[in-house]
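Take a look at the letters that make up each chain.
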Amino acid sequence: FSSPFALKGYLDSLEIDKENIAYKKLYRYLNKFIENVTLESINCKHILADPDLITSRSMKLLDYIDQEVFDKKVVIFTSYTETASYLHEILEKYFDCKICGFYKNLPIKKLDSAINDFQQKDEVKILICDYTAGEGRNLQMADCIIHYDLPISPSEIEQRIGRLDRIGRDEQKVVLNVVVYSQD
């Protein structure tokens, strides 16, 4: 799972005995993890000011965008809707630009608006997507694709890349692929 929010979403969807001792223990640890990640997102500006503190995947993502591709159009893919929502929240807190999201549970009108804004407005630099944007969308104007996590199937990775590498894209413009990792 790419975030504790994704794991929580998965656990909540399971039809198992939630009174089970092992489940309760796991959930306690998970809630503590969520609490720590939430604190990290609140303190992200302080953390990013000290390179020694940049260890988590989300902080590495913020740092990479800030240092390497801030002036470029970036598509961020994750396999999990809960992670996409979390990333959208922390990116909006940190960056002073419009950030759009394209992920499950958003209204259709908002999904279409996000794609149109990303395609047509220069001030929209970041589009965050879950698996729902993996097929059928034209994002060839983007400069960089960031894989926050990697799907199990190589064909899904190819589908993600295919959103940018499309007919009509300048052949001289290389699709920059980045995979985010954490140290621990």
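Just so it is clear, the structure is predicted and the values come from calculations on it, not from any experiment.

(A) Structural detail: the pairing of strand β3 (residues 124-129). Of all 6 residues in β3, 5 are buried, a share of seventy percent or more. Sheet analysis places strand β1 (residues 74-77) next to β3, joined by 4 bridges and oriented parallel. Residue pairing in the sheet places I76 in a bridge with I128 of β3. As defined by bridge partners, strand β2 (residues 98-102) adjoins β3 across 5 bridges and the pair is classed as parallel.

(B) Representation of the pairing of β2 within the structure. Most of β2 is tucked away, with 4 of its 5 residues classed as buried. As a crossover connection, the stretch from β2 through helix α6 (residues 108-120) into β3 is right-handed.

(C) Here's a closer look at the nonpolar core. The biggest cluster of nonpolar side chains holds 34 residues, and the ones touching the most others in it are L62, I65, I76, L87, L91 and I146. Every element with two or more residues in this core is listed here: α1 (4-13), α2 (21-42), α3 (44-48), α4 (57-69), β1, α5 (81-94), β3 and β4 (144-147). Sort the elements by how many residues they give to this core and α5 lands first, with 6 residues. Among residues more than four places away in sequence, those in contact with I76 are L61, I65, L87, L91, I126, L127, I128, C129, I146 and Y148. In this structure, V75, A114, A142 and I145 belong to the second largest nonpolar core, which totals 16 residues.

(D) Structural detail: the pattern of salt bridges. One pass over the full model with this rule turns up 6 salt bridges. Residue E35 pairs with K32 through a salt bridge whose shortest N-O separation is 3.5 Å. Taken together, the residues E35 and K32, both in helix α2 and 3 residues apart, mark about one turn of the helix. A salt bridge links K98 to D117, with the shortest nitrogen-to-oxygen separation between them at 2.6 Å. Of this pair, K98 sits in strand β2 while D117 sits in helix α6; the two residues are 19 residues apart in sequence, bridging distant segments of the chain. One continuous salt-bridge network, built from bridges that share partners, spans K98, D117 and K121.

What counts and how
- Residues numbered from 1 in each chain as written.
- Predicted model: local features only at pLDDT ≥ 70, side-chain atom pairs only at ≥ 80, totals over all residues.
- Heavy atoms only, no water.
- Buried < 20%, exposed > 50% of the residue type's maximum accessible area, 1.4 Å probe, protein only.
- Helix = DSSP H or I, 4+ residues; strand = E, 2+ residues; numbered from the N terminus.
- Pairing = 2+ DSSP bridges.
- Right-handed = clockwise from strand over helix to strand, strands pointing away.
- Core = buried A, V, L, I, M, F, W, Y, C linked by side-chain atoms within 4.5 Å.
- Contact = heavy atoms within 4.5 Å.
- Salt bridge = Lys/Arg side-chain N within 4 Å of Asp/Glu carboxyl O.

Functional significance is not addressed by these values, which are geometric in nature.
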